[in-house]
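# Coordinate analysis (summary)
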Amino acid sequence: MSFHVVTGAGPTGTATALLLAGSGERVRLVTRRGTGPEHPGIERIAADATDADVLTALADGALSLVNCAAPPYHRWLTEFPPLAAGLLTAAERTGAGYVMLGNVYGYGPVDGPLTEDLPAAPASRKGALRAALWADALAAHRAGRVRVTEVRASDFLGRGATSLFGFTVVPAVLAGEPVGYPADLDAPHSWSHLGDVAATLVAAARSAASWGRAWHVPSTTEASAREVARRLAAAAGAPEPALTAVAPAALAGSGDEVLAEVAEMAYLYDRPLRLDSTRTEEVLGVTATPFEEVLEEIVGGARP
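First, a word on scope: everything that follows refers to the structure included in this document. (Residues numbered from 1 in each chain as written. Predicted model: local features only at pLDDT ≥ 70, side-chain atom pairs only at ≥ 80, totals over all residues. Heavy atoms only, no water.)

Now for the layout of surface pockets. Summary: where empty space remains is shown by rolling a probe the size of a single water molecule over the atoms. Taken as a whole, the largest pocket holds about 1300 Å³ of empty space. For the largest pocket, the lining is made up of 46 residues, of which Ala69, Ala70, Pro71, Trp76 and Thr162 are closest to its centre. When contributions to the lining of the largest pocket are tallied by element, the ones reaching two or more residues are α1 (11-22), β2 (26-31), α3 (76-94), β5 (97-103), β7 (155-157), α5 (164-175) and α9 (257-262). The leading source of residues in the lining of the largest pocket is α3, at four residues. Roughly 320 Å³ of internal volume is contained in the second largest pocket. Lining the second largest pocket we find 20 residues, and of these Glu116, Leu118, Trp134, Arg152 and Ala214 sit closest to its centre. Only α4 (125-142) and β6 (148-153) provide two or more residues apiece to the lining of the second largest pocket. Per-element accounting of the lining of the second largest pocket gives the leading share, six residues, to α4. Class assignment for the residues of the lining of the second largest pocket results in nine nonpolar, three polar and eight charged. (1 Å grid on protein atoms, 1.4 Å probe; cavity = no way out; pocket = protein on both sides within 12 Å on 5 of 7 lines; lining within 4 Å. Points joined across faces, edges and corners; volume = space filled by probe spheres on them. Helix = DSSP H or I, 4+ residues; strand = E, 2+ residues; numbered from the N terminus. Nonpolar A, V, L, I, M, F, W, Y, C, P; charged D, E, K, R; others polar.)

Regarding helix α2 (residues 52-59), the residues found buried are Ala52, Leu55, Thr56, Leu58 and Ala59. One side of α2 holds all its buried residues, which, seen down the axis, span an arc of 165 degrees. Among the exposed residues of α2, those oriented more than 90 degrees off its buried face are Asp53 and Ala57. On the buried face of α2, the contacting elements are β1 (3-7), β2, β3 (42-46), β4 (64-67) and α3. Where α2 starts, the residue carrying a side-chain oxygen 3.1 Å from the main-chain nitrogen of Asp53 turns out to be Asp51. Among the residues trailing α2, Gly61 stands out with phi positive, at a value near 90 degrees. (Buried < 20%, exposed > 50% of the residue type's maximum accessible area, 1.4 Å probe, protein only. Arc of directions from axis to C-beta. Contact = heavy atoms within 4.5 Å. Polar contact = N/O pair within 3.5 Å; in protein donor to acceptor, adjacent residues only side chain to side chain.)

Honestly, it's all geometry; don't read function into it.
Dropping the structure here:
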């Protein structure tokens, strides 16, 4: 029976492992502490993915190596390069197809829809890092050393979503409390449902057409932050949201080391951000989860 290796058991890694296992495939889920969901098709393994030798042994014979792991946000610049190097080395040694979970940081500020063929033009340290990680992997692919693809998502939305909106706005809206968000609150914005991220990762891992290029996760909605908050409140029976725009500089001076790192990414939120997923839908066959279902999932996850 075929098997896949998934690194990281956060919301995306968990969803990806469960999707693969639910289709009858075996999964080795690798995390530092051996955490993850309980499922007969998932083998949870405690290992350090930066150790290329260990990861190579775990991925030997795997069809794909899907990375959903990431260091803490404020330690990306120092801890992401060794993680990416370990993953790329293991994929090269084993021949497993390497599927990277990426984001839109590397595009920089863009006026108009984001397509996968846009050149990298990062305007932040973390954007430059994401662009460099993809460039290194793509160079190895073009040299014939590995098969690699990258799935790029926008801000996560869903139960347990690890995004700025998920951390700050969602709990406040559900609790009927005021909250500030560093964005043009009325600008259209693409939102990626966790289940759709997992579906795109799995489709990319299975498709011979995916290698050597990037793919965008289909968006569950392009509603503005204000509209998402309003719709979430309505779905939960909560009061009308008291959502206000705050300056990114307020995050930089918040004293929270993670929130401080968000400030340099303000260009993602001060204008419309639309992720074009035409290629993903036509080639990989992935479509977005309806927004109403995503809202129900968030509300249901918040109930006791």
